[in-house]
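So the chains spell out like this:
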Amino acid sequence: PEDTVTSSFASFIHAARPEHLSSTVRHRSKRMILDSIGVGLVGSTTRVFDIALRYCRLYSSVAVSSVYGKPGVKLSPTLAAFTNGVATHSMDFDDTWHPATHPSGAILPALLAASQMLPPCTKPNGLDFLLAFNVGLEVQGRLMHFSTEAHDIPKRFHPPSVVGTLGSAAATAKLLSLSSAQCGHALGIAASLAGAPMANAATQAKPLHVGNATRLGLEAALLAARGMEANPLILDDIPGCSGFSAFYSVYQPKPLPAPSEHHEFLLEKQDIAFKRFPAHLGMHWVVDAALSVRNLFINYAGSFCPSLIRTIMLKIPVSKYINRPFPSSEHQARHSFQFNACAALLDGEVGLGSFSESSIHRQELRELLDKVVVEHPEDNVANFDKMYGEVALLLHSGDVLTGKCDTFYGHWRKPLSKESLLKKFRSNASHVLPEEKIEAIITLVDNLEELADSSQL
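The shown structure was predicted, so the numbers you read here are calculated from the model rather than taken from an experiment.

Student: Would you take a moment to explain the UniProt feature "domain: MmgE/PrpD C-terminal" (unreviewed entry) in the protein for this structure?
Tutor: This chain's UniProt record puts "domain: MmgE/PrpD C-terminal" (unreviewed entry) on residues 277-449. The distance from the first to the last C-alpha atom of residues 277-449 is 30 Å, and the span holds 40% helix and 14% strand.

Student: Would you mind going over the nonpolar core with me for this structure?
Tutor: Among the nonpolar cores identified, the biggest contains 95 residues, and Leu235 and Phe244 are the most heavily contacted of them. Counting residues in each nonpolar core, the second largest holds 49 residues, with Trp285, Phe304, Leu365 and Leu393 among its members.

Student: Would you explain the packing of helix H4 (residues 77-89) against helix H9 (residues 206-225) in this entry?
Tutor: A pair of packed helices is captured by two measures, namely the crossing angle of their axes and the spacing between those axes. The interhelical angle for the contact between H4 and H9, taken along N-to-C directions, is 150°, at an axis separation of 7 Å. Comparing their axes, H9 and H4 come out roughly antiparallel. Between H4 and H9 lies a crossing of right-handed hand. Of the residues in H9, those in contact with Pro77, Thr78, Leu79, Ala81, Phe82, Gly85, Val86 and His89 of H4 are Lys206, Pro207, Leu208, Val210, Gly211, Asn212, Thr214, Arg215, Leu218, Glu219 and Leu222.

Student: Even after reading the chapter, I still don't get helix H7 (residues 159-175), so can you show me in this structure?
Tutor: Compared with the 24 Å implied by 1.5 Å per residue over 17 residues, the 23 Å span of H7 between its first and last C-alpha is a close match. Along H7, the sharpest kink reaches roughly 25°, centred on Thr165. Most of H7 sits inside the fold, with 17 of its 17 residues counted as buried. Taken from the residues just after H7, Ser177 is the one with a positive phi, measuring 60°.

Student: Where do I start with the domain arrangement of the protein in this structure?
Tutor: Bring the parts together and some accessible area is lost; that lost area is often taken as the interface size. Under the domain assignment used here, the protein contains domain 1 (5-276 + 415-456) and domain 2 (281-405). A C-alpha centroid distance of 33 Å is found between domain 1 and domain 2. Between domain 1 and domain 2, the residue contacts involve 22 residues of the former and 18 residues of the latter. When domain 1 packs against domain 2, close to 1,800 Å² is buried across both sides, 63% of that on carbon and sulfur atoms. When residues of domain 1 are sorted by the area they lose upon contact with domain 2, Ile153, Ala202 and Arg276 head the list and together hold 37% of the total. Linking domain 1 to domain 2 there are one salt bridge. Taking the shortest distance from any N to any O, the salt bridge between Asp288 and Arg276 comes out at 2.6 Å.

Student: How should I be thinking about the pattern of salt bridges in this particular structure?
Tutor: A side chain of one charge can pair with a side chain of the opposite charge if their charged atoms are brought near each other. Applying the stated criterion across every chain, the model contains 15 salt bridges. Residue Glu149 is joined to Arg156 by a salt bridge in which the shortest nitrogen-to-oxygen separation is 3.3 Å. By relative accessible area, Glu149 is classed as partly exposed at 25%. A relative accessible area of 37% means that Arg156 is categorised as partly exposed. By sharing partners, the salt bridges in this structure join Arg26, Lys30 and Glu449 into a single network.

Student: Any chance you could explain unusual backbone geometry here in plain terms?
Tutor: Apart from glycine, the bulk of residues carry a negative phi angle, and the bulk of peptide bonds sit in the trans form. The peptide bond linking His98 to Pro99 adopts the cis configuration, its omega dihedral lying at -5°. Along the chain, the position of Pro99 falls in the loop between H4 and helix H5 (103-117). A positive phi angle, close to 55°, is found at Asp92, a residue other than glycine. Here Asp92 lies in the loop between H4 and H5. Judged by relative accessible area, Asp92 falls into the buried class, the value being 2%. Despite not being glycine, Ser177 shows a phi value in the positive range, around 60°. Secondary-structure assignment places Ser177 in the loop between H7 and helix H8 (180-191). Taking the relative accessible area as the measure of exposure, Ser177 reaches 62% and is therefore exposed.

So, how was this worked out
Residues numbered from 1 in each chain as written. Predicted model: local features only at pLDDT ≥ 70, side-chain atom pairs only at ≥ 80, totals over all residues. Heavy atoms only, no water. UniProt positions renumbered as here; feature names shortened; annotations may be inferred. Helix = DSSP H or I, 4+ residues; strand = E, 2+ residues; numbered from the N terminus. Core = buried A, V, L, I, M, F, W, Y, C linked by side-chain atoms within 4.5 Å. Buried < 20%, exposed > 50% of the residue type's maximum accessible area, 1.4 Å probe, protein only. Axes fitted to C-alpha atoms, helices over the stretch in contact; angles between N-to-C directions. Parallel < 35°, antiparallel > 145°, perpendicular 65-115°, else oblique. Left-handed = near helix turned anticlockwise from the far one by under 90°. Contact = heavy atoms within 4.5 Å. Expected span 1.5 Å × (residues − 1). Bend = angle between axes of the 7 residues up to and from the residue. Domains from an automatic or database assignment. Buried area = accessible area lost by both parts, 1.4 Å probe. Salt bridge = Lys/Arg side-chain N within 4 Å of Asp/Glu carboxyl O.

Set out below in structure tokens:
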């Protein structure tokens, strides 16, 4: 069919060229790639990653693609993509876009695996890799704008399992130089492999959502390359027959304009949020608010003295899966407004160690959690572009101290500096790599356009 939403996406994927990427888009996407690699490397130290890796090593296959943090270990391209995707989201440390999704983890592992899969004479260069990455981002962003529901913190489907799967398919299709028709079929196949319920948030199953998105998108592109076909109207709104619209209650698709010299990628207009600590994005508002009121409290009392506090009031948006009064596991703690606020109050920071078993079950932390009361002001909506976090300490003396955060450091309105991003990457990567390899990755990503063979990543 001509002039359909689906065909416009397929044509865009096929027709996009490096010259369509502005300097801003290249800069921002390279920051995303570097951060995602670092997050994947530190994620390779987690238990959920080990479970996924042990599962994948059950299979005998053509092992050509590398695994984060495991020198000498290689898997088949699809299983390497899956394992590295799990690593990327294992700590909920990966980047977040608006409308809400984790874009990099759903596409970068597929591109890394595919780059190693291709024969030496057909290896994509760094510019090809960067273009494919941005095509995957663009497809995710455009799909999310088809529904107003996607702008809010999700309730039904975890977004990277939906838009991320199609983004991975688009990115891989571009890297493999598929025809326009094959690109459309890759999107259609990916739609049949997409979707995961939000009920598995705060469990070890949640990282599988990103692992599956990047793996299944890669598989969709490989199947399309071998001739498999799918519904050519998968992205269109067809009454009585749901395609991609099955994932959203309100769905109004629009064609993706053909790339041109003046094409503006969504990444040009909407920057990315990078996390400073490994937890759900919503936690970053309450942590910054808690740190602010902690400073006020120390100035007031001379030190942080929990016995002076009668009540800890949190003013947060309504979102059931991140409202967890007494988390009992690291994954629940990463999705608990209450835990992150109290950890910040008690320790003056939140970091990797905050989510260890011993940290979660500290008596002094549990005592703070007992003092927490939650309110949901009407003006505090469950939307990463509009929400705020407020933490008030009601003291036994009758005094009230309040900290509020409208935009945390790392949000797209308040981006991490180059120094902060590099500090995060070096810290994450140092858990599994020596210094010389860490610096080599930084140099490779910084000069990605000049890289002759992207599989060197």
